[in-house]
Amino acid sequence: MKSRQPWVVGVSGASGTPYAAAVLRGLLAAGESVDLVVSRASRLTLLDETGISFRDAHWREDLAAWLARGADGKPDTFDVSDALGDVRYWAAGDLAAGPSSGSYPAKGMLVVPASTAAVAGVALGLSKDLLQRTASVTLKERRPLVVAVRETPLNGQTLRHMVALDEAGAVVLPASPAFYAGATHIQDLVDFVAGRVLDAAGVPHRLYRRWEGELGGATPRSD
Ligand SMILES: Cc1cc2nc3c(=O)[nH]c(=O)nc-3n(C[C@H](O)[C@H](O)[C@H](O)COP(=O)(O)O)c2cc1C
C-alpha cells in the first residue's frame, strides 16, 4: 500500500483566509493528502472574513463550511462531502503532532496566508507553535516551503526576514493577484494567488488562465 505523503497547509493570522480555502480545494481536487494547521490568530481573521468560528473539536464541519464558501460570498461549487476524507487536522499548540518531526513523511508545506509574525518566526527559527515548527522542519529537511506573505506596505524587518527565507530555500510568494488572467470576480483574483502557490509546489490545477503571449486576453469582450 502506498504510504500517505501529505502537504502540510499552515494558515496564519494574516488577512486572506479565502486564499487558504482555494489552496486547500486545489490540493484536494488534485488528489493530494493534506495536513492542516490553523494558528490561533488566524481564527480571528477567519471569523472576520467568513463568520466561521473555527473549533479544534469540530474542525471537520468548520473546515467544510470554510471550503464551501466562495470569496464573493456565494457558495463555491467544490464538493466537500467526500474530499475531506484525506485531511488530517493538528491543533496549533500540539508540538508533539506528526509534522513537528522531520521523520514525518510530509511532501512539504504551504503557509497561506503568511503573517509577518509567521514570516519572522520561521526566518528566525522560533518554532513558537506547530505552524512555525513545521516550517522550520520543512526547511531543515530540504522540502519545498512556500510562504504566501500578506502585508502591505512592508517594513525593513519583514523584507530582511523574507530574504532570509529565500536564502534558506523557501519560495516567498507575496499574495499579490495579477489582472492579466481576465478576473471578473474576487474569487478569480483569489484563485490566481492560490494557483501560483500550487505552481510553486508543482501541484497541477486549473485555477487561473495562464499567460499565452498575447496582449488583450484579459480585456472583457463586448459581445
Ligand atoms: C482582522 C485581522 C487582520 C490581520 N491582517 C494581517 C495581515 O494581513 N498581515 C499580517 O502580517 N498580520 C495581520 N494581522 C495580525 C496578525 O494576526 C498577528 O500579527 C498575529 O500575531 C499573527 O500570528 P500567527 O502568525 O501566529 O498567526 C491581522 C490581524 C487581524 C485581527
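Residues numbered from 1 in each chain as written. Predicted model: local features only at pLDDT ≥ 70, side-chain atom pairs only at ≥ 80, totals over all residues. Heavy atoms only, no water.

Okay, the overall build of the protein chain next. Across its full length, the protein chain carries 7 helices and 6 strands. In sequence order, the protein chain lays out its α and β elements as β-α-β-α-α-β-β-α-α-β-α-β-α. Computed over C-alpha atoms, the radius of gyration of the protein chain comes to 17 Å, within 12% of the 17 Å expected from 2.2 N^0.38 for 223 residues, which places it in the range of a compact globule. Oriented by its inertia axes, the alpha-carbon framework of the protein chain measures out at about 60 × 40 × 40 Å. Out of the 223 residues belonging to the protein chain, those deemed buried represent 48%. The contacts in the protein chain between residues at least 6 apart in sequence include a share of 73% that link residues at least 24 apart. As presented, the protein chain carries roughly 11,100 Å² of accessible surface, and 52% of it is formed by carbon and sulfur atoms. Considering the protein chain, the positive charge centre built from 23 side chains and the negative charge centre built from 24 side chains are found 4 Å apart. (Helix = DSSP H or I, 4+ residues; strand = E, 2+ residues; numbered from the N terminus. Rg over C-alpha atoms; globule rule 2.2 N^0.38 Å. Buried < 20%, exposed > 50% of the residue type's maximum accessible area, 1.4 Å probe, protein only. Contact = heavy atoms within 4.5 Å. Areas by Shrake-Rupley, 256 points an atom, 1.4 Å probe, with all protein chains shown as cover. Lys, Arg positive; Asp, Glu negative; His and termini not counted. Charge placed at Lys NZ, Arg CZ, Asp CG, Glu CD.)

Moving on, we get to the environment of Ala92. Positionally, Ala92 belongs in the loop between β3 (87-91) and β4 (108-114). Taking C-alpha positions, Ala92 is 9.2 Å from Gly10, a pair spaced 82 residues apart along the chain. If we ignore the near neighbours within four places in the chain, the residues touching Ala92 are Val37, Val38, Ser39, Arg40, Asp129 and Leu130.

Before going further, it helps to spend a moment on the site of the ligand. Around the ligand, a shell composed of 16 residues is seen, among which Gly13, Ser39, Ser115, Thr116 and Arg150 lie nearest. Between the ligand and Gly13, the relevant distance is 2.6 Å, taken from an oxygen atom to a main-chain nitrogen or oxygen of the residue. Lys128 places a side-chain nitrogen or oxygen 3.2 Å from an oxygen atom of the ligand. When isolated, the ligand has an accessible area of 650 Å², and the protein chains bury 69% of it. Tallied by class, residues from the shell around the ligand come to 4 nonpolar, 7 polar and 5 charged. (Near = heavy atom within 4 Å. Polar contact = N/O pair within 3.5 Å; in protein donor to acceptor, adjacent residues only side chain to side chain. Nonpolar A, V, L, I, M, F, W, Y, C, P; charged D, E, K, R; others polar.)

The next thing to look at is the packing of aromatic side chains. Counted according to the given criterion, the structure contains 7 aromatic pairs. Ring geometry for Trp90 versus Tyr104: centroids 6.2 Å apart, planes at 85°, classification edge-to-face. On the criterion of sequence distance, the pair formed by Trp90 in strand β3 and Tyr104 in the loop between β3 and β4 is long-range, its members being 14 residues apart. No difference in accessibility class separates Trp90 from Tyr104, as the two residues are buried. Where Phe192 meets Tyr208, the ring centres are 4.9 Å apart and the plane angle is 55°; that geometry is what we call tilted. Residue Phe192 is found in helix α7 (residues 186-201), and its partner Tyr208 is found in the segment after α7; the two are separated by 16 residues along the sequence. Note on Tyr208: relative accessible area 13%, which makes it buried. A network of ring pairs unites the aromatic residues Phe54, Trp59, Trp66 and Tyr89 as a single cluster. (Phe/Tyr/Trp six-rings, centres within 6.5 Å; stacked < 30°, edge-to-face > 60°.)

Here Val112 and Pro113 are connected by a cis peptide whose omega angle stands at -15°. Tracing the sequence through the fold places Pro113 in strand β4. With an omega of -10°, the peptide bond running from Thr152 to Pro153 counts as cis. Of note, Pro153 is situated in the loop between β5 (145-149) and α6 (156-168). Positive phi, close to 50°, is recorded for Ser127, a residue that is not glycine. You can see Ser127 is positioned in the loop between α4 (116-123) and α5 (130-140).

What follows deals with the nonpolar core. Counting residues in each nonpolar core, the largest one holds 41 residues, and the members touching the most others are Leu27, Leu36, Phe54, Leu63, Trp66 and Leu110. Broken down by secondary-structure element, the contributors of at least two residues to this core are β1 (7-11), α1 (17-29), β2 (34-38), α3 (59-67), β3, β4, β5 and α7. If sequence neighbours within four positions are ignored, Phe54 has contacts with Leu36, Val38, Arg43, Leu46, Trp59, Asp62, Leu63, Trp66 and Tyr89. Membership of the second largest hydrophobic core comes to 23 residues, among which are Ala114, Ala135, Leu145 and Val147. (Core = buried A, V, L, I, M, F, W, Y, C linked by side-chain atoms within 4.5 Å.)

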